[in-house]
Amino acid sequence: MLHAARALARAGQADPLVRAVLARPGAPALTTGALVAIATITDCHRDIGCCRPWGLPGLWHWTLADVQALPDPIPAAGRLGLWRLDPGQHALLHRHQAATLPTPAHH
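Residues numbered from 1 in each chain as written. Predicted model: local features only at pLDDT ≥ 70, side-chain atom pairs only at ≥ 80, totals over all residues. Heavy atoms only, no water.

Q: So what exactly am I meant to see when it comes to the pairing of strand β2 (residues 34-46) here?
A: For a regular strand, side-chain orientation follows a simple rule: the groups alternate between the two sheet faces. The pairing of strand β1 (residues 2-4) with β2 spans three bridges and is antiparallel. If you follow Ala4 over to β2, its bridge partner there is Ala34. Pairing analysis gives ten bridges linking β2 to strand β3 (residues 60-75), with the strands arranged antiparallel. The residue bridging His45 from the neighbouring strand is His61, located in β3. (Pairing = 2+ DSSP bridges. Helix = DSSP H or I, 4+ residues; strand = E, 2+ residues; numbered from the N terminus.)

Have a look at this one:
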């Protein structure tokens, strides 16, 4: 699960790329404080300057694949590190996954 933080970090607000995206006409408002996507973690590495401008020195970074946005964000208070979904969030996620499965073909 990918979680959008409760608020955009100051460094993010000051970044020219972020400001340009947010200033685009018709740009949607950013979702905050919610689960917004599912993804597969394919790698993990310690930052050595490879992930600028977003990577923080010395921290671990994940490489993601198969990122799928949720059709509706699931409200969630974030936490640092890895954490488990509460039962209500887990049920909403399973409903989303069931709704996105392909329907079987009838022969």
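Right, picking up where we left off after that structure.
Q: Please explain the nonpolar core as it appears in this structure.
A: Across soluble globular proteins, nonpolar side chains have a tendency to be buried as a group. Ranked by size, the top nonpolar core spans six residues in total: Leu35, Ile38, Leu70, Ile74, Ala76 and Leu93. Looking at this core, the elements with two or more residues in it are β2 and β3. Contact partners of Ile74, with chain neighbours within four places excluded, come to Ala34, Leu35, Gln89, Leu92 and Leu93. (Core = buried A, V, L, I, M, F, W, Y, C linked by side-chain atoms within 4.5 Å. Buried < 20%, exposed > 50% of the residue type's maximum accessible area, 1.4 Å probe, protein only. Contact = heavy atoms within 4.5 Å.)

Q: When you look at the layout of surface pockets in this model, what are you seeing that I'm missing?
A: To find leftover empty space, one rolls a probe the size of a water molecule over the atoms. When its volume is computed, the largest pocket comes out at roughly 1,600 Å³. Forming the boundary of the largest pocket are 32 residues, of which Leu2, His3, Trp62, Arg79 and Gly81 lie nearest the centre. Contributions of two or more residues to the lining of the largest pocket are made by β1, α1 (10-14), β2 and β3. For the lining of the largest pocket, the element with the most residues is β3, which contributes four residues. Partitioning the lining of the largest pocket into residue classes produces 22 nonpolar, seven polar and three charged. (1 Å grid on protein atoms, 1.4 Å probe; cavity = no way out; pocket = protein on both sides within 12 Å on 5 of 7 lines; lining within 4 Å. Points joined across faces, edges and corners; volume = space filled by probe spheres on them. Nonpolar A, V, L, I, M, F, W, Y, C, P; charged D, E, K, R; others polar.)

Q: How should I be thinking about a nonpolar patch on the surface in this particular structure?
A: On the surface, Ile41, Trp62, Leu64, Val67 and Leu82 cluster together into a nonpolar patch covering about 510 Å² of accessible area. If you tally residues by element for the nonpolar patch, the top one is β3, at three residues. Structurally, Leu82 can be placed in the loop between β3 and α3 (87-100). (Patch = residues over 30% accessible without salt bridge, like charges linked within 9 Å, V, L, I, M, F, W, Y side chains within 5 Å. Areas by Shrake-Rupley, 256 points an atom, 1.4 Å probe, with all protein chains shown as cover. Salt bridge = Lys/Arg side-chain N within 4 Å of Asp/Glu carboxyl O.)

Q: Honestly, the side chain of Asp47 in this entry has me stumped. Any pointers?
A: Topologically, Asp47 is positioned in the loop between β2 and β3. Relative accessible area serves as the criterion here: at 6%, Asp47 is assigned to the buried category. Polar contacts involving the side chain of Asp47 include one to the main-chain amide nitrogen of Gly49, which spans 3.4 Å. Sequence-distant contacts of Asp47, that is, excluding residues within four places in its chain, are made with Arg52, Gly55, Leu56, Pro57, Gly58, Leu59 and His61. (Polar contact = N/O pair within 3.5 Å; in protein donor to acceptor, adjacent residues only side chain to side chain.)

Q: Mind showing me how you'd approach the environment of Ala69 here?
A: Relative to the elements of secondary structure, Ala69 occurs in strand β3. Remark: the alpha-carbon pair of Ala69 and Ile41, spanning 28 residues in sequence, is separated by 15 Å.

Q: Mind showing me how you'd approach unusual backbone geometry here?
A: A negative phi angle is the norm for most residues apart from glycine, just as the trans form is the norm for most peptide bonds. Unlike most non-glycine residues, Asp66 shows phi in positive territory, near 55°. Checked against the element boundaries, Asp66 lands in strand β3.

Q: Where do I start with the sheet that holds β2 in this structure?
A: Strand pairing in a sheet relies on backbone hydrogen bonds, with the paired strands running either antiparallel or parallel. Overall, antiparallel pairing links the three strands, which are arranged β1-β2-β3 in an open sheet. One side of each edge strand has no neighbouring strand; the edge strands of this open sheet are β1 and β3. Taken pair by pair, the neighbouring strands of this sheet meet at an average axis angle of 35°, ignoring direction. (Axes fitted to C-alpha atoms, helices over the stretch in contact; angles between N-to-C directions.)

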